[in-house]
Amino acid sequence: MLTWNNKDKAFKYSVFLMCSSLEDVEIGLLKVTANGTTKVALAERVGRINRQTCERPPVPAELLKVTDIVPQIPTKLIRKATGVLSLTNRKRLLSHSVVNMKAKKFLLAKRPIGEPKVTDFEAVQEELPPVGEGEILMESVYLSVDPYMRYKSESIPLGTIMPCQAVARVVESKNPAYKVGDNVVAAYGWRSHLVTDPNKMLSTFDGSVSKPQVLPDFGGIPTSLALGVLGMPGVTALFGLIKITEPKEGETLVVSGAAGAVGSIVGQIGKILGMRVIGFAGADDKVEWLKELGFDYAYNYNKVSVREALKESAPKGVDVYFDNVGGQISYDVCTKMNTFGRVSLCGAISSYNDMGDTSKPPLAPAIQIPAIGNQLSIHGFIVTRWLSEWQDGIKQLLGYVMKGKLKYRETITEGFDNMPQAFIDILRGENTGKAIVKANFVNHGFTAFKIFRSSRGSDLSGLGGTSKENKVVGKLRGDVKTCRTVEGDRSRTSEQLQTSSN
Ligand SMILES: NC(=O)c1ccc[n+]([C@@H]2O[C@H](COP(=O)([O-])OP(=O)(O)OC[C@H]3O[C@@H](n4cnc5c(N)ncnc54)[C@H](OP(=O)(O)O)[C@@H]3O)[C@@H](O)[C@H]2O)c1
């Protein structure tokens, strides 16, 4: 309902206003009526976005018109009506200037000792600058949590943003290479939003320039796969197995950390290559899943001795070992390897939490003795060495996924605020397949909802303060973390394949 007649001063309408920061949104219904005398009132509060589920209350369609409506209303009236808006600068209002967007990010606050704690990370808010020429504004959609973040937390300066790759959506663009609505995969960091010149973004891994890659259409499969099977872990598995160990049909392959993002793909590629594949994981349900994936043997290393397991599954010895964990498991596997066996040294997650603790010598070197005895070729690698072939690797992996030869599972944690906990969980083995955080920012529709700020710098978000960063750590505590697994198998129909929740 909107009528506005300036001449006879008889007007009656409702205006919906949204007072918003980027992660705390309040929606209000402002009823403005005037009959001879002007009467304005904040009639109804529609509601707040639920920070746990990120569900928003139903938004009246008229809200979408707010930016059309607002400039028609005299500033005085709005100021009177809302109080909070304090719109002292009508010009700013009329020009729809987008200012005071709040984004959230997580900084490394303390060096973790042993297992990281939520309080090792500090959530801060930052004010985003307007999007300049050549820049884009991105909103995170999926963020990756990976084991390497644990050892990064030993080396990055305190107070810097935690690194990560993310799938982000372009919500505003002044760069012709990126369109609003594009999904990109970017070296993004633990943050909700980012305004940046894409040509100046740096790689999480080696600090080289790393422009966000616009994701192609994956043929209906989720964009989150760009962080897993169709991203860094997929390339790690593919090239880390094939290029490092030159596997051959009929050989025996052992994979540790087999039910993780990398390990689950390594084992399946081993099967594609015609190998005998044995996987070790830390839980019975993971073992069941590995068998579903086609592993010839899978064991829960918490219940079964690795050496005994290999007596059964690798009676002729192990030719290739893809090592994700190091430590005791790796020692046991290496003792069972054939002469001139090959080891792809991908990770040593079993010792990551011991970093920085000088009382505990790292267990990783324990493979030295069997490595000498069995004359093993042990080859460490960092996946970025294959940057020039990266896209070829992704295409190969996509081909396997589309043919149903490569299945995937994702453990999805809901809510950006749960980044620290999701990260802690991978070091506890709580993920199966790729661990992902779904940011759950409801599309704020920057083009539809402009966020206004007065020339005095008053803050519509209710979070207060004009400083660039506001600490919001307290809000993290008590957040409910919901986790679900999503899996895909392209050999089934797209309806069957979608999601299974637990
Ligand atoms: N070299 C490279 O370029 C490169 C690239 C990517 C990844 N990586 C490395 O590859 C490994 C796997 O990465 P990812 O992304 O697949 O990890 P992921 O999906 O996060 O899997 C981590 C899994 O490791 C296992 N784990 C955790 N703590 C463990 C411990 N103390 N002992 C044994 N297993 C433990 C857990 O599974 P269980 O419950 O089965 O124990 C956990 O679910 C990591 O070491 C990572 O650093 C290296």
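Now for a quick tour of the structure. (Residues numbered from 1 in each chain as written. Predicted model: local features only at pLDDT ≥ 70, side-chain atom pairs only at ≥ 80, totals over all residues. Heavy atoms only, no water.)

### Quick word on the pattern of salt bridges
- In total, this model carries 12 salt bridges according to the counting rule given.
- Among the salt bridges present, the one from arginine 428 reaches glutamate 115, with a minimum N-O distance of 2.8 Å. Taken together, the positions of arginine 428 in the loop between helix H12 (419-427) and strand E19 (434-438) and glutamate 115 in the loop between strand E5 (101-108) and strand E6 (121-128) put the pair 313 residues apart, joining distant regions of the chain.
- Under the relative-accessibility criterion, glutamate 115 is labelled partly exposed at 32%.
- Close ionic contact of aspartate 182 with lysine 179 constitutes a salt bridge, the shortest N to O distance being 3.7 Å.
- When its relative accessible area of 11% is taken as the criterion, aspartate 182 is described as buried. (Salt bridge = Lys/Arg side-chain N within 4 Å of Asp/Glu carboxyl O. Helix = DSSP H or I, 4+ residues; strand = E, 2+ residues; numbered from the N terminus. Buried < 20%, exposed > 50% of the residue type's maximum accessible area, 1.4 Å probe, protein only.)

### What to know about the packing of aromatic side chains
- In this structure the tally under the stated criterion is 11 aromatic pairs.
- Geometrically, the ring pair formed by phenylalanine 106 and phenylalanine 416 is tilted, given 5.3 Å between the ring centres and 45° between the ring planes. Of the two residues, phenylalanine 106 is situated in strand E5 and phenylalanine 416 in the loop between strand E18 (408-414) and H12; the sequence distance between them amounts to 310 residues. Of the two residues, phenylalanine 106 and phenylalanine 416, both sit in the buried class.
- Ring centres of phenylalanine 280 and tyrosine 299 lie 5.5 Å apart, and the angle between their planes is 25°; this geometry places the pair in the stacked category. Of the two residues, phenylalanine 280 is situated in strand E13 (residues 276-281) and tyrosine 299 in strand E14 (residues 297-300); the sequence distance between them amounts to 19 residues. (Phe/Tyr/Trp six-rings, centres within 6.5 Å; stacked < 30°, edge-to-face > 60°.)

### Notes on the packing of helix H5 (residues 232-245) against helix H11 (residues 390-402)
- Contact geometry for H5 and H11: axes closest at 9 Å, N-to-C directions at 90°. Judged by the inter-axis angle, H5 sits roughly perpendicular to H11. Counted together, Met232, Gly234, Val235, Leu238 and Phe239 of H5 and Trp390, Gly393, Ile394, Gln396, Leu397 and Tyr400 of H11 form the full contact between these two elements.
- The residue inventory of the contact of H5 with H11, partitioned by class, reads eight nonpolar, three polar and no charged. (Axes fitted to C-alpha atoms, helices over the stretch in contact; angles between N-to-C directions. Parallel < 35°, antiparallel > 145°, perpendicular 65-115°, else oblique. Contact = heavy atoms within 4.5 Å. Nonpolar A, V, L, I, M, F, W, Y, C, P; charged D, E, K, R; others polar.)

### Things to note about the site of the ligand
- Surveying the vicinity of the ligand reveals 26 residues, the closest of which are Ala261, Lys286, Tyr301, Tyr352 and Asn431.
- Between alanine 261 and the ligand, the recorded distance is 2.7 Å, taken from a backbone N or O atom to an oxygen atom.
- Within the backbone of valine 383, one N or O atom sits 2.8 Å away from an oxygen atom of the ligand.
- When the ligand sits alone it has 920 Å² of accessible area, and the protein chains cover 90% of it.
- For the ligand, the cavity whose grid points lie within 2 Å of the majority of its atoms is the largest pocket.
- Going through the elements one at a time, H5, helix H6 (261-272) and H12 are the ones with two or more residues in the shell around the ligand.
- Its residues assigned to classes, the shell around the ligand comprises 16 nonpolar, nine polar and one charged.
- Formed jointly, the shell around the ligand draws a minimum of three residues from each of two domains, domain 2 (101-228 + 406-440 + 472-497) and domain 3 (232-402). (Near = heavy atom within 4 Å. Polar contact = N/O pair within 3.5 Å; in protein donor to acceptor, adjacent residues only side chain to side chain. Areas by Shrake-Rupley, 256 points an atom, 1.4 Å probe, with all protein chains shown as cover. 1 Å grid on protein atoms, 1.4 Å probe; cavity = no way out; pocket = protein on both sides within 12 Å on 5 of 7 lines; lining within 4 Å. Sits in = over half its atoms within 2 Å of the grid points. Domains from an automatic or database assignment.)

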